[in-house]
Amino acid sequence: MECILAREGEQMRRSGWSRRDVINILDFSRSDLESLFELAGKISDRPNSIRRSLNEKIVATAFFEASTRTRLSFTTAALKLGGKVIDLSPEASSVMKGESLPDTVRMLESYSDLIVIRHPSEGAALLASEISESPVINGGDGSQHHPTQAMLDLFTITKLKGHIDGLNYAIVGDTRYARTAASLLYGLSKFKPKKVYLVSPESLQPRIEIKTKIDELGLRTEKLEDLEEIIPEIDVIYLTRIQKERFPDVMEYEKVRGSYEITRNLIVKAKRGSIVLHPLPRTNELPSEVDTLPNAAYMKQAEWGVPMRMAILELVIGGAKG
Ligand code: CP
């Protein structure tokens with residue numbers, strides 16, 4: 001088994017993942033993503049067959065914004081692959097003395113083989129990738145991109161529904177500021193969904209640059225305010241938290257606060273076999289009463305963050321010369 005994973009990882013690296021930056025899911029082809037899902041699936045199905053392909057390589061995590069899942073799943077993934085992890089805690093670092101992002105990235109590059117960065121500024125991960133010779137993975141930049149979350153979301157859909165094409169999706173909530181929603185829309189545009197409903201109040205509909213991009217890419221979308229109207233048709237319900245921290249004006253946030261909540265009574269009307277996803281963390285849009293329904297898949301989705309990030313690390317730096 002070990003040999004099978006090693007061989008497949010090597011073939012995929014040769015096919016284009018090796019030492020690649022992961023900044024925007026749009027940079028990856030459908031075939032890149034399908035190869036990734038295949039490897040992540042093998043890792044999650046056969047955890048004992050994993051080779052320690054990071055072989056003491058060092059992963060640096062630099063989270064300038066709070067994170068539980070992204071930071072810790074990358075850390076767990078690196079450790080499971082035999083790597084080591086160093087963590088820059090901005091509040092305990094020379095960032096507090098005014099050190100610039102480029103200088104911080106130069107330090108991380110010189111101490112590690114790969115950098116995972118999260119930053120509140122859009123474009124910060126791209127800037128880091130332009131400075132660093134070591135690969136950079138975007139763990140979220142402002143409200144712009146969260147590519148590895150979208151890879152995980154699409155992987156979860158593949159695992160639970162068998163395929164991504166031909167399904168109806170409802171992306172519910174803050175599609176304006178949630179980078180998870182933007183990256184998922186970009187990721188879906190690599191596939192052939194039947195339709196994607198964007199369910200939110202008008203002020204939380206996608207920003208113009210996101211809508212223009214997905215239109216250009218041919219993704220079929222429809223705006224809607226009420227999930228109940230279409231819930232019997234939907235295969236994948238993807239919820240997002242209202243991103244309070246991204247609103248330029250607190251009054252604008254107050255206008256939409258609590259404007260949607262997915263209750264158990266609503267989810268029981270969903271199509272048989274449909275799944276409910278959420279990148280987490282959740283607030284009151286997804287009450288815990290939904291957790292025991294058979295279509296509540298968000299905890300499994302978070303759990304699969306580890307095999308997904310193991311697959312990414314394996315492909316990008318596993319066995320590769322630093
Ligand atoms: N889904 C996600 O990005 O979670 P964290 O903010 O906890 O990393």
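Not measured: the values here are computed from a predicted model.

> Whenever I open this one, the domain arrangement of the protein chain confuses me. Can you help?
On domain assignment, one finds that the protein chain holds domain 1 (2–145 + 304–317) and domain 2 (147–301). If you average the C-alpha positions of domain 1 and of domain 2, the two centres end up 25 Å apart. With 36 residues of domain 1 in contact, the opposing surface of domain 2 contributes 33 residues. Carbon and sulfur atoms make up 65% of the area that domain 1 and domain 2 hide from each other, which totals about 2,800 Å². Where domain 1 packs against domain 2, one counts four salt bridges. The closest approach of N and O atoms between Lys159 and Asp45, which form a salt bridge, is 2.8 Å. At the junction of domain 1 with domain 2, the criterion picks out 13 residue pairs in polar contact (both at pLDDT 80 or more). Contributions of two or more residues to the side of domain 1 that touches domain 2 are made by helix H2 (30–45), helix H3 (69–80), strand S3 (114–119), strand S4 (136–141) and helix H12 (305–317). The greatest single-element share of the side of domain 1 that touches domain 2, amounting to nine residues, is contributed by H2.

> Would you mind showing me how to read the packing of aromatic side chains here?
Note on aromatic pairs: each is described by the distance of the centres and the angle between the planes. A full pass over the atoms with the stated rule returns three aromatic pairs. Relative to Phe155, the ring of Phe37 lies with its centre 6.4 Å away and its plane at 40 degrees, an arrangement referred to as tilted. Here Phe155 lies in helix H6 (residues 147–161) and Phe37 lies in helix H2, a separation of 118 residues in the sequence. According to the relative accessible area criterion, Phe37 is buried, its value standing at 6%. You can call Phe155 buried: its relative accessible area is 1%. Sitting over the ring of Phe28, Arg20 keeps its end group 4.0 Å from the ring centre.

> Looking at this structure, I do not really get the pattern of salt bridges. What am I missing?
Pairs may arise between side chains of opposite charge once their charged atoms sit close together. Per the stated rule, a full pass over the model turns up 21 salt bridges. We note a salt bridge from Arg179 to Glu65, for which the minimum N-O separation is 3.1 Å. On the criterion of sequence distance, the pair formed by Arg179 in helix H7 (residues 179–188) and Glu65 in the loop between strand S1 (58–63) and H3 is long-range, its members being 114 residues apart. Residue Glu65 is classed as buried on the basis of its relative accessible area of 17%.

> For this particular structure, what's the right way to read the pairing of S1?
A regular strand places its side chains on the two faces of the sheet in alternate fashion. Most of S1 is tucked away: five of the six residues are buried. Handedness of the crossover joining S1 and strand S2 (residues 84–88) through H3 is recorded here as right-handed.

> Please explain the site of the ligand as it appears in this structure.
Residues in contact with the ligand, as listed here, are Ser67, Thr68, Arg69, Thr70, Arg118, His146, Gln149, Pro279 and Leu280. Between a nitrogen atom of the ligand and a side-chain N or O atom of Gln149, the distance comes to 3.0 Å. Here Leu280 contributes a backbone N or O atom positioned 3.0 Å from a nitrogen atom of the ligand. For the ligand, whose unbound accessible area comes to 260 Å², protein coverage reaches 92%. Here the shell around the ligand spans two domains, since at least three of its residues come from each of domain 1 (2–145 + 304–317) and domain 2 (147–301).

> Explanation requested: the sheet that holds strand S5 (residues 168–172) in the structure shown.
Backbone-to-backbone hydrogen bonds pair the strands of a sheet. The strands run either parallel or antiparallel. With parallel pairing, five strands are arranged side by side in an open sheet as S7-S6-S5-S8-S9. Two strands in the sheet have a free side with no partner beyond their single neighbour: strand S7 (221–224) and strand S9 (275–277). Recorded for the sheet is a direction-independent mean angle of 20 degrees between the axes of neighbouring strands. Relative to S7, strand S6 (residues 195–199) runs parallel, the two being bridged by four bridges. Of the residues in S7, the one forming a bridge with Leu198 is Lys223. Relative to S9, H6 is tilted by about 165 degrees, and along the sheet it contacts S5, strand S8 (236–239) and S9. Contacts from H7 reach S5, S6 and S8 within the one sheet, and its direction differs from that of S5 by about 160 degrees.

> Can you help me understand the side chain of Thr156 in this one?
Here Thr156 is to be found in helix H6. A residue is classified by how much of its surface remains accessible, and Thr156, at 0% relative accessible area, is buried. Residues in contact with Thr156, not counting those within four places in the same chain, are Leu277, Gln301 and Trp304.

Parameters at a glance
Residues numbered from 1 in each chain as written. Predicted model: local features only at pLDDT ≥ 70, side-chain atom pairs only at ≥ 80, totals over all residues. Heavy atoms only, no water. Domains from an automatic or database assignment. Contact = heavy atoms within 4.5 Å. Buried area = accessible area lost by both parts, 1.4 Å probe. Salt bridge = Lys/Arg side-chain N within 4 Å of Asp/Glu carboxyl O. Polar contact = N/O pair within 3.5 Å; in protein donor to acceptor, adjacent residues only side chain to side chain. Helix = DSSP H or I, 4+ residues; strand = E, 2+ residues; numbered from the N terminus. Phe/Tyr/Trp six-rings, centres within 6.5 Å; stacked < 30°, edge-to-face > 60°. Buried < 20%, exposed > 50% of the residue type's maximum accessible area, 1.4 Å probe, protein only. Lys NZ or Arg CZ within 6 Å of the ring centre and 35° of its normal. Right-handed = clockwise from strand over helix to strand, strands pointing away. Near = heavy atom within 4 Å. Areas by Shrake-Rupley, 256 points an atom, 1.4 Å probe, with all protein chains shown as cover. Pairing = 2+ DSSP bridges. Axes fitted to C-alpha atoms, helices over the stretch in contact; angles between N-to-C directions.

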